[in-house]
Amino acid sequence: MPFPILIDALDLMGTFVFALSGAMLAVRRDLDIFGIVVLAVAAGLAGGLVRDMLLGAHPPAALADSRYLLTALAAGVTAFFLNRQIERVTKPVMVLDAVGLGLFAVAGTQKALIFDIAALPAIVLGILTAVGGGVVRDLLVTEVPRVLREEVYALAALLGAAVVVATDRFQLPEGPMVVAAICLTVLVRVLSVWRG
Amino acid sequence: MPFPILIDALDLMGTFVFALSGAMLAVRRDLDIFGIVVLAVAAGLAGGLVRDMLLGAHPPAALADSRYLLTALAAGVTAFFLNRQIERVTKPVMVLDAVGLGLFAVAGTQKALIFDIAALPAIVLGILTAVGGGVVRDLLVTEVPRVLREEVYALAALLGAAVVVATDRFQLPEGPMVVAAICLTVLVRVLSVWRG
Amino acid sequence: MPFPILIDALDLMGTFVFALSGAMLAVRRDLDIFGIVVLAVAAGLAGGLVRDMLLGAHPPAALADSRYLLTALAAGVTAFFLNRQIERVTKPVMVLDAVGLGLFAVAGTQKALIFDIAALPAIVLGILTAVGGGVVRDLLVTEVPRVLREEVYALAALLGAAVVVATDRFQLPEGPMVVAAICLTVLVRVLSVWRG
């Protein structure tokens, strides 16, 4: 994987943004600080945990490296103290959420390919990595997950995952293609929200 | 396992029928094509995925062999285009669903025994394989899972699983007993629906 | 681990109490005997099963040792026949539930440390082991999990888990510290319920 430090930073940023989405949902549901932290951790880490359980990657990255948990906890604490300010900047948060979606779709698909999963299941694992945290987050407060309510959400993740599989299959240059895959997911997601 | 080609065909047919049940639920809930496909894949594959995660069978069968995903996707597309026609043939669909239940209960129990799981946990894994897809399907649209609402559903799976364990314990002829186990599950399930 | 027989007995007792909580919820929801057993097994075993799937401990303890399933089934049958009597002794049941919480938090954290998980993720796994059964139980009947509604529930488990990690880090005497960790969780939980 190219640019390991950049990918690493983006991965943690994706975790932060997804955890923030869980924490903000908890705030809107009037949950206390513990509920906020639980939803933050669930939303930030569940996608990667399910992916790693399915692949047999033990221990899962989110447990092997404490920075993931610290990042999710930081998002929970941030939402607890700054939720009014965060509510006001929904557009930047939405873009960050789209970035998280793209990055998790790409990272999930790459990890599946490393574990010798075929193209189609690898794409599904990429989508699952990207949407899994949000599914668990919504189920915990008994809401129908957003991935079932907003059609372009899953489609945007699928496109990013498909670019990764094509890169692998046709031996395209990995660095630029990973960037292209993330950008494609972000673009489709942001455009779909922007156009309503 | 006897008749591998037959079992293979039945396994994919079970996946198709369960995926169809997820897709039809999505149609009734007015979800779009993406929601239909997500529920189809979840209903068709979740039972086997959970079983394989618990057994440590990596990668899970549903990811190692792309035919499972293709089958679930085909069920989703079928439901999208033909849902009115499918609604009219509920009885054949119900019988196919019972076949899927029987086959998954038998296949799940057999796989557990191959992994040296004891009799009682093997039966539980068989039931989990058979009902797991439906549980995930119902939870995703925040309904109480059918296995909690229809008592004979779990019982039918349990009977099929118990026959498999008895076959293994008393070294009965595997071929006829597998057929008997599936038939027993189908019969109990169909009779219970038929008698209301 | 010190006092293996005592720990073993407490572990099964914790399984029984958690399974009982699932079975009693099923009774209150007017589910039949099958629903009662399903919720009993889910509440009693899900926390440990998720922990073992995340750690890659195959097969999970709850499937490798049939006593866990038998214990959960016994709780389901007990609730089916004696639910009126159990409703009357809510205080002893609540204390037992707190004991289960403490024991599962301690056992989950210890197992994570044995699998070389770092301190913070080990605490999270301990909490997950302790609250996981209740989360699955509540989700199956589409209720928001108690861990999100009662703040001190997760905190009590966290304190017990943290004592285990401190014991490991500072090489404190394991026997007394394990007892202290369980007592701390029980005390915090019971006091919080008692004070409303």
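You'll find the structure just up there.
Parameters and conventions
Residues numbered from 1 in each chain as written. Chains lettered and ligands numbered in written order. Predicted model: local features only at pLDDT ≥ 70, side-chain atom pairs only at ≥ 80, totals over all residues. Heavy atoms only, no water. Contact = heavy atoms within 4.5 Å. Buried area = accessible area lost by both parts, 1.4 Å probe. Helix = DSSP H or I, 4+ residues; strand = E, 2+ residues; numbered from the N terminus. Nonpolar A, V, L, I, M, F, W, Y, C, P; charged D, E, K, R; others polar. Least-squares fit on C-alpha atoms with pLDDT ≥ 70 in both. Buried < 20%, exposed > 50% of the residue type's maximum accessible area, 1.4 Å probe, protein only. Polar contact = N/O pair within 3.5 Å; in protein donor to acceptor, adjacent residues only side chain to side chain. Salt bridge = Lys/Arg side-chain N within 4 Å of Asp/Glu carboxyl O. Patch = residues over 30% accessible without salt bridge, like charges linked within 9 Å, V, L, I, M, F, W, Y side chains within 5 Å. Areas by Shrake-Rupley, 256 points an atom, 1.4 Å probe, with all protein chains shown as cover. Phe/Tyr/Trp six-rings, centres within 6.5 Å; stacked < 30°, edge-to-face > 60°. Expected span 1.5 Å × (residues − 1). Axes fitted to C-alpha atoms, helices over the stretch in contact; angles between N-to-C directions. Parallel < 35°, antiparallel > 145°, perpendicular 65-115°, else oblique. Left-handed = near helix turned anticlockwise from the far one by under 90°. Bend = angle between axes of the 7 residues up to and from the residue.

### What about the interface of chain B and chain C?
Phase 1 of the analysis: Tallying the contact residues gives 20 residues for chain B and 20 residues for chain C.
Phase 2 of the analysis: The junction of chain B with chain C conceals about 1800 Å² of combined surface from both sides, 78% of it contributed by carbon and sulfur atoms.
Phase 3 of the analysis: Of all residues in chain B, Leu 54, Leu 120 and Leu 148 of chain B give up the largest surface area on contact with chain C, accounting jointly for 35% of the area buried on that side.
Phase 4 of the analysis: Listing elements by their share of the side of chain B that touches chain C, those giving two or more residues are α2 (33-55), α6 (119-140) and α8 (151-169) of chain B.
Phase 5 of the analysis: Residue contributions to the side of chain B that touches chain C peak at six residues, all from α6 of chain B.
Phase 6 of the analysis: Looking at the side of chain B that touches chain C, its residues break down into 15 nonpolar, three polar and two charged.

### A word on the relation of the copies chain A and chain C
Phase 1 of the analysis: For these two chains of identical sequence, chain A goes onto chain C by a turn of 120° and a shift of 0.0 Å along the axis, with RMSD 0.0 Å. A rotation of that kind, with that shift, is consistent with a three-fold axis.
Phase 2 of the analysis: Here only 20% of the contact residues of chain A are again contact residues in chain C; the copies associate through non-equivalent surfaces.

### Brief notes about the environment of Lys 91 of chain A
Phase 1 of the analysis: Within the secondary structure, Lys 91 of chain A sits in helix α5 (residues 90-114).
Phase 2 of the analysis: The exposure class assigned to Lys 91 of chain A is exposed, which follows from its relative accessible area of 66%.

### Regarding the interface of chain A and chain C
Phase 1 of the analysis: Residue-level contacts link 20 residues of chain A with 20 residues of chain C.
Phase 2 of the analysis: Both sides of the chain A and chain C interface together cover about 1800 Å² of buried area, and 78% of this is carbon and sulfur.
Phase 3 of the analysis: Together, Phe 34, Leu 63 and Leu 140 of chain A form the three largest contributors to the area buried by chain A at its contact with chain C, with a combined 32%.
Phase 4 of the analysis: For the pair chain A and chain C, the interface holds two residue pairs in polar contact (both at pLDDT 80 or more).
Phase 5 of the analysis: Class assignment for the residues of the side of chain A that touches chain C results in 15 nonpolar, four polar and one charged.

### Overview of the side chain of Arg 189 of chain C
Phase 1 of the analysis: For Arg 189 of chain C, the position within the fold is in helix α9 (residues 174-194).
Phase 2 of the analysis: Within the structure, the side chain of Arg 189 of chain C is placed 3.0 Å from the side chain of Glu 150 of chain C, a separation counted as a polar contact.

### A short note on the relation of the copies chain B and chain C
Phase 1 of the analysis: When chain B is fitted onto chain C, the two copies agree to an RMSD of 0.0 Å after a turn of 120° and an axial shift of 0.0 Å.
Phase 2 of the analysis: Each copy contacts the other with its own distinct surface, as only 20% of the interface residues of chain B are interface residues in chain C too.

### Re the pattern of salt bridges
Phase 1 of the analysis: On inspection of all chains with the given rule, the structure shows 33 salt bridges over all chains.
Phase 2 of the analysis: Between Asp 138 of chain B and Arg 137 of chain B there is a salt bridge, and its shortest N-O distance comes to 2.9 Å. Of the two residues, Asp 138 of chain B and Arg 137 of chain B, neither departs from the other in class, the shared state being buried.
Phase 3 of the analysis: Across the pair Arg 149 of chain C and Glu 143 of chain C runs a salt bridge, and its minimum N-O distance is 3.9 Å.
Phase 4 of the analysis: By relative accessible area, Glu 143 of chain C is classed as partly exposed at 23%.

### Here we look at a nonpolar patch on the surface
Phase 1 of the analysis: A cluster of nonpolar side chains, Val 77, Phe 80, Phe 81 and Leu 82 of chain A, forms an exposed patch at the surface whose accessible area comes to about 380 Å².
Phase 2 of the analysis: With respect to the helices and strands, Leu 82 of chain A occurs in helix α4 (residues 66-88).

### A few points about the packing of aromatic side chains
All names here are of chain A.
Phase 1 of the analysis: Applying the stated criterion to the full structure yields six aromatic pairs over all chains.
Phase 2 of the analysis: On the numbers, 5.1 Å between centres and 75° between planes, the contact of Phe 80 with Phe 81 is edge-to-face.
Phase 3 of the analysis: On the basis of relative accessible area, Phe 81 is assigned to the exposed category, the value being 60%.

### Details of the side chain of Asn 83 of chain B
Phase 1 of the analysis: Note on placement: Asn 83 of chain B falls in helix α4 (residues 66-88).
Phase 2 of the analysis: Apart from residues lying up to four places away in sequence, Asn 83 of chain B is in contact with Met 24, Val 27 and Thr 78 of chain B.

### A closer look at helix α2 (residues 33-55) of chain A
Residues and elements named next belong to chain A.
Phase 1 of the analysis: Relative to the 33 Å expected for 23 residues at 1.5 Å per residue, α2 spans 33 Å between its end C-alpha atoms, a close match to the ideal helical length.
Phase 2 of the analysis: Counting buried positions along α2 yields 18 of 23 residues, so the element is predominantly enclosed.
Phase 3 of the analysis: N-cap assignment for α2: the residue whose side-chain oxygen lies 2.8 Å from the backbone N of Phe 34 is Asp 32.
Phase 4 of the analysis: One or two steps after α2, the chain reaches Gly 56, where phi turns positive at roughly 75°.

### As for unusual backbone geometry
Phase 1 of the analysis: Omega for the bond connecting His 58 of chain B with Pro 59 of chain B falls within 30 degrees of zero, at -10°, which places this linkage in the cis form.
Phase 2 of the analysis: Along the chain, Pro 59 of chain B falls in the loop between α2 and α3 (61-64).

### Comments concerning the environment of Ala 161 of chain C
All names here are of chain C.
Phase 1 of the analysis: Checked against the element boundaries, Ala 161 lands in helix α8 (residues 151-169).
Phase 2 of the analysis: Sequence separation between Ala 161 and Gly 108 is 53 residues; the distance between their C-alpha atoms is 8.1 Å.
Phase 3 of the analysis: The contacts of Ala 161, once residues within four sequence positions are left out, are Ala 105, Thr 109 and Ile 123.

### As for the packing of α6 of chain B against α8 of chain B
Residue and element names in this part refer to chain B.
Phase 1 of the analysis: Viewed as axis vectors pointing N to C, α6 and α8 meet at an angle of 140°, and their least axial separation amounts to 9 Å. One way to sum up the angle between α6 and α8 is to call them oblique. Here α6 runs over α8; the crossing is right-handed. Across the interface between the two elements, Ala 119, Ala 122, Ile 123, Ile 127, Ala 130 and Val 131 of α6 pack against Tyr 153, Ala 157, Leu 158, Ala 161, Ala 162, Val 165 and Arg 169 of α8.
Phase 2 of the analysis: Classifying every residue of the contact of α6 with α8 gives 12 nonpolar, no polar and one charged.

### Topic: the packing of α2 of chain A against α5 of chain A
Residues and elements named next belong to chain A.
Phase 1 of the analysis: Contact geometry of α2 with α5 gives a least axis separation of 11 Å together with a crossing angle of 15°. Regarding the angle of α2 to α5, the classification is roughly parallel. Note that α2 runs across α5; the crossing there is right-handed. Contact residues: Gly 44, Arg 51, Asp 52 and Leu 55 in α2; Phe 104, Ala 107, Gly 108, Lys 111 and Ala 112 in α5.
Phase 2 of the analysis: Residues that form the contact of α2 with α5 fall into these classes: four nonpolar, two polar and three charged.

### Side note on helix α2 (residues 33-55) of chain C
Phase 1 of the analysis: At Leu 45 of chain C, α2 of chain C shows its maximal bend, which comes to roughly 50°.
Phase 2 of the analysis: Buried residues dominate α2 of chain C, accounting for 19 of its 23 residues.

### Considerations on the environment of Ala 23 of chain C
Residues and elements named next belong to chain C.
Phase 1 of the analysis: Within the element layout of this structure, Ala 23 appears in helix α1 (residues 4-28).
Phase 2 of the analysis: In this structure the C-alpha to C-alpha distance between Ala 23 and Val 188, which are 165 residues apart in sequence, comes to 25 Å.
Phase 3 of the analysis: Among all residues touching Ala 23, those that are not within four sequence positions of it are Ile 36, Leu 39, Ala 40, Ala 75, Gly 76 and Ala 79.

Everything listed here is a matter of coordinates, which is why it stays silent on function.
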